[in-house]
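# A closer look at the structure
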Amino acid sequence: MANTNLQFKTNYVVDSKIEPFYKGGKVQISKDENYIFCTCGTRVNVLEISTGKIVHSVEHEDQEDITSFALSCDDEMLVTASRALLLKQWDWRQAQCTRSWRAIHTVPVASMTFDSTSTLLATGGCDGTIKLWDVVKQYCTHNLKGSPGVVHLVQFHPDISRLQLFSSSQDCGIRLWDLSSSKCVCVLQSHYSAVTSLSFSPDGDTMVSSGRDKICTVWDLKTKKAKRAVPVYEAVEGVVMLPVDEDLSQIGVKSKDMHFITAGSKGELRVWEASTARCVYAQTLGSSLSASSEEEDKEDDPRGLTHLLHLPASSRLATVTAEHNIVLYQLPALSTQQQFVGYNDEVLDVKFLGKGDSHIVVATNSSQLKVFELLTNSCQILYGHTDTVLSLDVFKKSCLFASCAKDRSVRVWKMDSDSGQVHCVAQGSNHANGVGSVTCSRMKASFVVSGSQDCTVKVWDLPADLSTAGAEIQQLTPRATEKAHDKDVNSVAVSPNDKLLASGSQDRTAKLWSLAVEGSVSLLGVFKGHRRGVWAVCFSPVDQVLASSSADGTTKLWSLQDFSCLKTFEGHDASVLKIIFVSRGTQLLTSGSDGLVKLWTIKTNECVKTLDAHQDKVWGLHGSQKDNKIVTGSADSNITVWVDVTEVELAEEQAKQEDQILKQQELSNLLHEKKYLKALGLAISLDQPHTVLNVIKAIRQSENGHELLEKTLLKLRVDQKESLLRYCVVWNTNARNCQNAQAILQVLLTHLPPEELLQYQGARAHLEGLIPYTERHMLRIGNLLQASMFLNYMWQKMRVAGAPVSMGQDEDMDTTPLAQPFFRIDKEKGMGSDGEEKQDGDDSDGGQDEDLDQKEEDEEDNEVSATNKSTNNNNNGGIGAKTNGNHHSESEESSEEEDPEEEDQTAVKVVKCLPVSSAPECQTSAS
């Protein structure tokens with residue numbers, strides 16, 4: 001087994017997350033070029049370019065989808081429009097809405113933009129109107145009508161002194177509005193499809209427009225006529241005019257004439273010379289295996305570009321793809337600088353990759369693989385498969401990994417350790433159906449095993465020297481093929497010594513195979529016991545056991561010797577999809593369809609921790625090489641990296657315990673030195689009511705206790721007085737501690753004004769809790785006082801029969817002992833009651849409540865005992881009987897109280913010592 005000194009893991013916490021931040025719509029980059037603003041349903045997310053993390057997010061309270069937004073040119077204001085026809089102005093750095101107003105549009109706002117001074121905001125609605133707002137003075141300045149249909153494009157002329165606004169709607173024309181007269185000056189007609197973007201020259205006299213009619217038009221704004229129409233042979237979504245003062249010879253700009261760059265449905269950037277209408281540069285897409293010539297013109301091509309943005313300060317371009325990926329290119333070479341994935345769709349598998357687990361490779365519900373750098377969240381997209389990638393596995397060196405897909409193929413990829421670039425180095429396709437699982441050899445990169453929906457398992461030998469980038473992809477051929485199961489093979493796993501193979505299938509079984517014989521796979525045994533299909537199998541790294549997880553919600557451990565089930569782990573409410581060993585094989589991690597990840601200790605069969613961070617099936621689960629991190633991928637599009645915090649939490653707990661010990665010692669020293677104020681404050685800070693009670697008792701027992709208590713309590717801080725009041729409510733429920741609570745309450749109520757007390761947290765509830773118990777204590781003390789007065793009266797009025805007649809009735813009485821005492825007191829019973837009272841008082845905690853029905857039960861007991869007593873002593877006189885009964889009930893009541901009063905004890909002692917005459921004589925004298 002594993003090392004006995006091994007520390008079991010107890011908890012993981014989220015270290016980082018890769019979550020969806022863009023699901024289509026508008027994208028804008030801040031003026032300082034540090035942030036990307038993009039819509040994601042009901043939110044506008046702010047992505048920091050340097051880290052790839054979402055740093056801010058604004059969301060409408062009504063949970064309505066945001067239809068458009070605009071960021072001011074000074075990066076200060078963000079305005080959003082929702083389907084609820086509300087415009088909201090945000091301080092986006094604080095995620096606070098500073099102003100909200102109703103859009104006058106009758107239907108949602110489709111487009112909006114700020115002018116260069118960040119004063120005017122133009123909104124284009126689906127009702128064909130354009131509204132202009134002065135965001136400083138907060139009123140609507142213009143209402144421009146005349147556009148047919150949805151106004152999907154509004155843009156100010158960069159020179160605000162011209163007071164010109166350009167708009168486009170469903171008639172495919174570009175309207176030029178003069179804001180000084182609120183009239184449409186002209187309509188620029190050239191396009192036969194929707195106009196998608198506008199770009200202006202630095203002098204503001206030339207404009208380029210792009211449209212989905214595969215044409216870009218160059219306009220002379222002085223004459224308001226088209227200078228040239230440039231056919232670009234693709235639906236163009238974005239156009240940017242290139243600066244003339246930069247050296248862009250690497251992308252074909254050889255002259256000083258005007259050049260512009262387009263982005264469209266083909267997914268590539270192309271540079272055009274305006275004067276000659278020819279393409280001088282076209283970007284080449286790497287690994288364009290999935291795009292065929294017939295598919296290039298399809299609008300839903302995943303590589304199609306939907307936005308093109310220029311970052312002039314850093315000389316960069318940003319493009320947005322139809323798959324919601326944002327790519328940053330560096331001019332002049334158009335080299336890819338960063339790539340962010342806005343939406344991952346369903347994550348089917350995820351694995352750590354690279355030296356030191358610096359990257360993760362993700363299989364999503366698409367034919368592309370995504371490799372994320374964890375430090376910056378920058379992503380590299382790998383093209384190669386032609387259908388959905390289903391499974392991944394990584395070799396021991398972590399720079400080589402394998403993938404399989406529905407396209408019936410297996411591919412092997414290699415990461416360059418220096419540049420981090422990943423390339424496909426080998427592929428094999430021999431299966432008759434989709435390949436659902438793949439696993440790699442453990443000792444060295446010698447073979448790959450795949451399991452398919454055609455019920456077969458194939459073993460693929462890898463070439464000795466896998467080529468790097470630039471070389472031709474090598475073809476793999478299977479060295480062995482075996483029909484393994486009756487249904488789909490869901491999972492395959494190779495043992496740590498590369499000699500055994502395990503497979504799990506939808507036919508509810510897992511099987512063990514031998515790989516020792518070259519060129520064949522031989523069956524060793526079958527693991528039967530699951531009630532539903534087996535989703536995953538995994539070998540222990542240290543023991544001869546196999547773990548399997550199933551759709552029946554259980555995880556089982558099997559012996560490789562006799563194929564028996566050793567342990568069963570139950571806890572998931574649905575299918576268990578993935579399983580891995582951690583802590584050197586002593587613990588398990590499982591992920592399920594319920595969105596939970598559970599940590600199990602094998603020895604105790606105990607679920608140590610449940611990690612809940614996903615809302616859907618957790619398909620991907622993988623541990624790092626150092627065994628200190630795990631990564632999970634879910635169908636909710638979230639990828640979460642978890643870090644082991646067992647040692648951190650243990651160190652924190654030890655530090656907390658040491659701090660507690662030091663404070664306890666300091667508290668003892670303060671009490672010994674009679675520094676009650678510091679002792680009381682320290683006990684309250686430790687949140688130990690019993691210790692606070694001991695300090696209060698020590699103060700009250702000291703000389704001038706009341707004055708010292710008053711002086712100490714009034715010096716406490718407000719939060720300490722709040723805690724003390726909260727403790728008093730609990731102490732007041734117990735007769736033993738009520739005097740201390742009442743003493744504190746007397747000080748607080750006497751010296752603090754009611755207004756201050758009511759400002760304490762929960763003061764009203766505390767006072768309401770104090771009232772009924774205080775009334776009960778007062779009633780008990782009143783009854784005790786009444787009983788003591790009655791006994792005192794009896795003491796004064798009683799006389800002994802046989803005394804001289806001359807003796808006054810109310811004077812001295814004969815104290816000669818007689819044969820029979822008038823009061824029959826069971827001393828053993830009384831002492832027993834007192835003893836029990838002391839014992840109960842010592843064991844009881846000051847914070848426990850007394851039973852509210854105890855008083856009624858006590859009264860019933862007293863009535864019964866008094867009746868029995870009078871029955872037993874039926875020869876006694878009326879006064880004697882009454883006295884005896886009353887005394888007996890009072891002694892019963894005092895014995896049941898936890899802290900009897902001193903007067904009651906004195907009275908009982910006096911009555912015990914009283915010698916009386918015989919009962920008849922006493923009756924006669926009393927009458």
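Bear in mind that the values here come from a model prediction, so they are computed numbers and not experimental data.

Each value, and the rule that gives it
Residues numbered from 1 in each chain as written. Predicted model: local features only at pLDDT ≥ 70, side-chain atom pairs only at ≥ 80, totals over all residues. Heavy atoms only, no water. Helix = DSSP H or I, 4+ residues; strand = E, 2+ residues; numbered from the N terminus. Buried < 20%, exposed > 50% of the residue type's maximum accessible area, 1.4 Å probe, protein only. Contact = heavy atoms within 4.5 Å. Areas by Shrake-Rupley, 256 points an atom, 1.4 Å probe, with all protein chains shown as cover. Patch = residues over 30% accessible without salt bridge, like charges linked within 9 Å, V, L, I, M, F, W, Y side chains within 5 Å. Salt bridge = Lys/Arg side-chain N within 4 Å of Asp/Glu carboxyl O. Lys, Arg positive; Asp, Glu negative; His and termini not counted. Charge placed at Lys NZ, Arg CZ, Asp CG, Glu CD. Polar contact = N/O pair within 3.5 Å; in protein donor to acceptor, adjacent residues only side chain to side chain. Pairing = 2+ DSSP bridges. Phe/Tyr/Trp six-rings, centres within 6.5 Å; stacked < 30°, edge-to-face > 60°. Core = buried A, V, L, I, M, F, W, Y, C linked by side-chain atoms within 4.5 Å. Axes fitted to C-alpha atoms, helices over the stretch in contact; angles between N-to-C directions. Parallel < 35°, antiparallel > 145°, perpendicular 65-115°, else oblique. Nonpolar A, V, L, I, M, F, W, Y, C, P; charged D, E, K, R; others polar. Expected span 1.5 Å × (residues − 1). pLDDT = per-residue confidence, 0-100.

The next point concerns the overall build of the protein chain. Within the protein chain, the secondary structure is distributed over 13 helices and 57 strands. Evaluated residue by residue, the protein chain yields a buried proportion of 51% over its 927 residues. The contacts of the protein chain with a sequence gap of at least 6 include a subset with a gap of at least 24, amounting to 47%. For the protein chain, the accessible surface area stands at approximately 43,500 Å², while carbon and sulfur atoms represent 48% of it.

Another aspect to go through is a negative patch on the surface. Where like charges cluster on the molecular surface, the negative patch consists of Glu61, Asp62, Glu64 and Asp65. Residue position: Asp62 is located in the loop between strand 5 (54-59) and strand 6 (66-71).

Next up on the list: the side chain of Ser550. For Ser550, the position within the fold is in strand 48 (residues 545-550). By relative accessible area, which is 0% here, Ser550 ends up buried. Only 3.1 Å separates the side chain of Ser550 from the backbone nitrogen of Asp552, close enough to count as a polar contact.

A few words on the pairing of strand 5. Bridge analysis of strand 4 (residues 43-48) against strand 5 gives 5 bridges, and the strand direction is antiparallel. The partner of Asn45 across the bridge, within strand 5, is Ser57.

Taken as a whole and judged by the stated rule, the model has 10 aromatic pairs. Ring geometry for Tyr35 against Trp92: centres 5.4 Å apart, planes inclined by 70 degrees, an arrangement best described as edge-to-face. One end of the pair, Tyr35, is in strand 3 (residues 35-40); the other, Trp92, is in the loop between strand 8 (86-91) and strand 9 (96-102), with 57 residues separating them in the sequence. No difference in accessibility class separates Tyr35 from Trp92, as the two residues are buried. Their ring planes at 85 degrees and their centres at 5.0 Å tell us that Phe37 and Trp92 sit as a pair that is edge-to-face.

Our next topic: the sheet that holds strand 36 (residues 410-415). Taking strand neighbours across the sheet as the criterion, the 5 strands line up as 34-35-36-37-41 in an open arrangement whose pairing is mixed. Since the sheet does not close on itself, it has two edges, and those belong to strand 34 (389-394) and strand 41 (474-475), each with one partner.

Below, the discussion takes up the nonpolar core. Counting 34 residues, the largest nonpolar core has Leu680, Val692, Leu713, Leu724, Trp731 and Ile744 as the members making the most contacts within it. Those elements giving two or more residues to this core turn out to be helix 1 (646-672), helix 2 (676-685), helix 3 (689-701), helix 4 (705-714), helix 5 (718-731), helix 6 (738-751) and helix 8 (763-797). Once residues lying within four places of it in the same chain are set aside, the contact partners of Ile744 are Ile696, Leu713, Leu724, Cys728 and Trp731.

Okay, the packing of helix 3 against helix 5 next. As a packed pair, helix 3 and helix 5 sit with axes 11 Å apart at the nearest point and diverge in direction by 90 degrees. The angle between helix 3 and helix 5 places the two elements in the roughly perpendicular class. Mapping the contact onto sequence places Pro689, Val692 and Leu693 in helix 3 and Leu724, Tyr727 and Trp731 in helix 5. For the contact of helix 3 with helix 5, a count of residues per class yields 6 nonpolar, no polar and no charged.

Before going further, it helps to examine the pattern of salt bridges. As a working rule, side chains carrying opposite charge can pair if their charged atoms are close by. In total, this model carries 19 salt bridges according to the counting rule given. In this structure, Arg270 and Glu234 form a salt bridge, with 3.3 Å as the shortest nitrogen-oxygen distance. Of this pair, Arg270 sits in strand 24 (residues 269-273) while Glu234 sits in the loop between strand 21 (225-231) and strand 22 (236-241), and the two are 36 residues apart along the sequence. Among the residues examined, Arg270 registers a relative accessible area of 8% and is labelled buried. The exposure class assigned to Glu234 is buried, which follows from its relative accessible area of 0%. Asp719 serves as the salt-bridge partner of Arg717, at 3.1 Å between the closest nitrogen and oxygen. Put simply, Asp159, Arg162, Asp205 and Lys222 are held in one network by salt bridges that share partners.

This part covers the pairing of strand 19 (residues 206-211). For strand 19, the tally of buried residues reaches 6 of 6 residues, placing the bulk of the element in the interior. Side-chain alternation along strand 19 places Thr206, Val208 and Ser210 on one buried face and Met207, Ser209 and Gly211 on a second face that is also buried. Taken together, strand 18 (residues 195-200) and the strand that follows it, strand 19, pair antiparallel across an intervening segment of 5 residues, in which Gly204 is found at a positive phi of about 80 degrees. Where strand 19 meets strand 20 (residues 215-220), 5 bridges bridge the pair, whose relative direction is antiparallel. Paired with Ser210 across the strands is Cys216, a residue of strand 20. Linking two consecutive strands that pair antiparallel, namely strand 19 and strand 20, is a turn of 3 residues; a positive phi of about 65 degrees is found at Lys214 within it.

This part takes up the side chain of Thr39. Along the polypeptide, Thr39 turns up in strand 3. Taking the relative accessible area as the measure of exposure, Thr39 reaches 5% and is therefore buried. For Thr39, the side chain forms a polar contact with the main-chain oxygen of Gly24, separated by 2.9 Å. When near neighbours in sequence (up to four residues on either side) are disregarded, Thr39 contacts Phe21, Tyr22, Lys23, Gly24, Gly25, Lys26, Val44, Ile66 and Phe69.

On to the sheet that holds strand 57 (residues 639-644), then. Judged by pairing direction, the sheet is antiparallel, and its 4 strands sit side by side in the order 1-57-56-55 without closing on themselves. The two strands at the open ends of the sheet, each matched to only one other strand, are strand 1 (12-18) and strand 55 (618-623). Mean inter-strand twist for the sheet, computed between neighbouring axes without regard to direction, equals 25 degrees. Both strand 56 (residues 629-634) and strand 57 contribute to a ladder of 5 bridges, which runs antiparallel. Pairing of Lys629 across the sheet is with Val643, part of strand 57.

For helix 5, spanning 14 residues, the distance from its first C-alpha to its last is 20 Å, which sits close to the expected 20 Å at 1.5 Å a residue. Buried residues of helix 5: Gln720, Lys721, Ser723, Leu724, Leu725, Tyr727, Cys728, Val729 and Trp731, and no others. Packing partners of the buried residues in helix 5 comprise helix 2, helix 3, helix 4, helix 6, helix 7 (754-758) and helix 8.

Before going further, it helps to spend a moment on helix 3. For helix 3, built from 13 residues, the straight-helix expectation of 18 Å at 1.5 Å per residue is met to within 8% by its first-to-last C-alpha distance of 18 Å. All buried positions along helix 3 are accounted for by Thr691, Val692, Leu693, Val695, Ile696 and Ile699.

Turning our attention to the confidence of the model for the protein chain. On average, residues of the protein chain score 81 in pLDDT, and 83% of them are at 70 or above. When the criterion is pLDDT under 50, residues 287-299 qualifies, and its contacts beyond four places in sequence or with other chains add up to 13 contacts. Segment residues 806-927: pLDDT under 50, and 119 contacts once partners within four positions in sequence are set aside and those in other chains are kept.

In the segment running from Leu331 into Pro332, the intervening peptide bond is cis, with an omega of 5 degrees. Mapped onto the secondary structure, Pro332 falls in the loop between strand 28 (325-330) and strand 29 (335-341). The backbone of His324 sits at a positive phi, close to 70 degrees, despite the residue not being glycine. By secondary structure assignment, the location of His324 is in the loop between strand 27 (316-321) and strand 28.

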